[in-house]
Amino acid sequence: MLETKEDPFAGGMTFAVQTRDKKVHLLSSLSGGEKSLTTLAFIFSIQRYIPAPFYAFDEVDMSLDGSNVERISSMVTELAPNSQFVIVSLRKPMIDAAQRIMGVTLRADKSTLGYRVKAHGTSS
């Protein structure tokens, strides 16, 4: 729903969402997991229509249950041949599906301890 229908670019928009077997709600009234899934579904639908070369996701799977993290990681794997995805995640299904992993550990004084990289199933 556009905030300013007369001049669509003058305002923002609010999403009205109907999840499976539920009534229509504003995106702002959904749970964290429902917001994440709805937003990712919107991004993925745009990506299928007009793929962007690059996506950066920061813990988009944080509020999701395990099965939905697996669904999102599968979707990213499916779409990865056409776009690069950089994802910050602590969830095992997302990490397991990654082609490359970089981890950073902080020392008690907040300095960087190091990183490790996994590339295509190998680690170093």
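Each remark here, short or long, concerns the structure printed above.
Residues numbered from 1 in each chain as written. Predicted model: local features only at pLDDT ≥ 70, side-chain atom pairs only at ≥ 80, totals over all residues. Heavy atoms only, no water.

Draft legend 1. The arrangement of the nonpolar core in detail. In this structure, L40, F44, Y55, F57, V60, L64, V69, I72, V76, L79, F85 and M94 together form the largest nonpolar core, which totals 12 residues. Here this core gets 4 residues from one element, more than from any other, and that element is helix α2 (residues 66-79). Other than its neighbours up to four places away in sequence, Y55 contacts I43, Q47, S83, Q84, F85 and V86. (Core = buried A, V, L, I, M, F, W, Y, C linked by side-chain atoms within 4.5 Å. Buried < 20%, exposed > 50% of the residue type's maximum accessible area, 1.4 Å probe, protein only. Helix = DSSP H or I, 4+ residues; strand = E, 2+ residues; numbered from the N terminus. Contact = heavy atoms within 4.5 Å.)

Draft legend 2. Here's a closer look at the pairing of strand β3 (residues 54-58). Residues Y55 and F57 of β3 are buried on one face, while the alternating residues F54, A56 and D58, pointing to the opposite face, are not. Looking at chain direction, β3 and strand β4 (residues 84-88) are connected through 5 bridges and run parallel. Residue F57 lies in a different strand from β4, and its bridge partner there is I87. (Pairing = 2+ DSSP bridges.)

Draft legend 3. Main features of the side chain of D61. Within the secondary structure layout, D61 lies in the loop between β3 and α2. This buried residue, D61, is left without a salt bridge; R91 holds the nearest opposite charge, at 5.5 Å. Polar contacts involving the side chain of D61 include one to the side chain of S89, which spans 2.5 Å. Residues in contact with D61, not counting those within four places in the same chain, are V69, S89, R91 and M94. (Lys, Arg positive; Asp, Glu negative; His and termini not counted. Salt bridge = Lys/Arg side-chain N within 4 Å of Asp/Glu carboxyl O. Polar contact = N/O pair within 3.5 Å; in protein donor to acceptor, adjacent residues only side chain to side chain.)

Draft legend 4. Just the pattern of salt bridges, in detail. Per the counting criterion, the structure on display carries 3 salt bridges. Two residues, E34 and K22, come together in a salt bridge whose shortest N-O distance is 2.8 Å. Here E34 is found in helix α1 (residues 32-49), whereas its partner K22 is found in the loop between β1 (16-18) and β2 (24-26), with 12 residues between them in sequence. Measuring nitrogen to oxygen at the nearest pair gives 3.0 Å for the salt bridge that ties K92 to D96. Taken as a pair, K92 and D96 lie in helix α3 (residues 92-97) at a separation of 4 residues, close to a single helical turn. Overall, the relative accessible area of 47% leaves D96 in the partly exposed class.

Draft legend 5. Seen up close, the side chain of S73. Along the chain, S73 falls in helix α2. A polar contact of 2.9 Å, which involves the side chain of S73, links it to the backbone oxygen of E70. Beyond its immediate sequence surroundings of up to four residues, S73 is in contact with P93, M94 and A97.

Draft legend 6. Structural view of α1. Look at α1: 26 Å from first C-alpha to last across 18 residues, which is about the 26 Å you get at 1.5 Å a residue. For α1, every residue scored as buried is listed here: G33, E34, S36, T38, L40, F44 and Q47. For α1, the secondary structure elements touched by its buried residues are β1, β3, α2 and β4. (Expected span 1.5 Å × (residues − 1).)

Draft legend 7. Quick look at the packing of aromatic side chains. This structure, assessed with the given rule, holds 5 aromatic pairs. Here Y55 and F57 contribute two aromatic rings whose centre-to-centre distance is 6.1 Å and whose plane-to-plane angle is 50°, an arrangement assigned as tilted. The buried category is assigned to Y55, whose relative accessible area is 11%. Relative to F85, the ring of Y55 lies with its centre 5.0 Å away and its plane at 15°, an arrangement referred to as stacked. With Y55 in strand β3 and F85 in strand β4, the pair connects residues that are 30 residues apart, well separated along the chain. One exposure class covers both Y55 and F85, and it is buried. An aromatic cluster is defined as three or more aromatic residues linked by ring pairs; in this entry it consists of F44, Y55, F57 and F85. (Phe/Tyr/Trp six-rings, centres within 6.5 Å; stacked < 30°, edge-to-face > 60°.)

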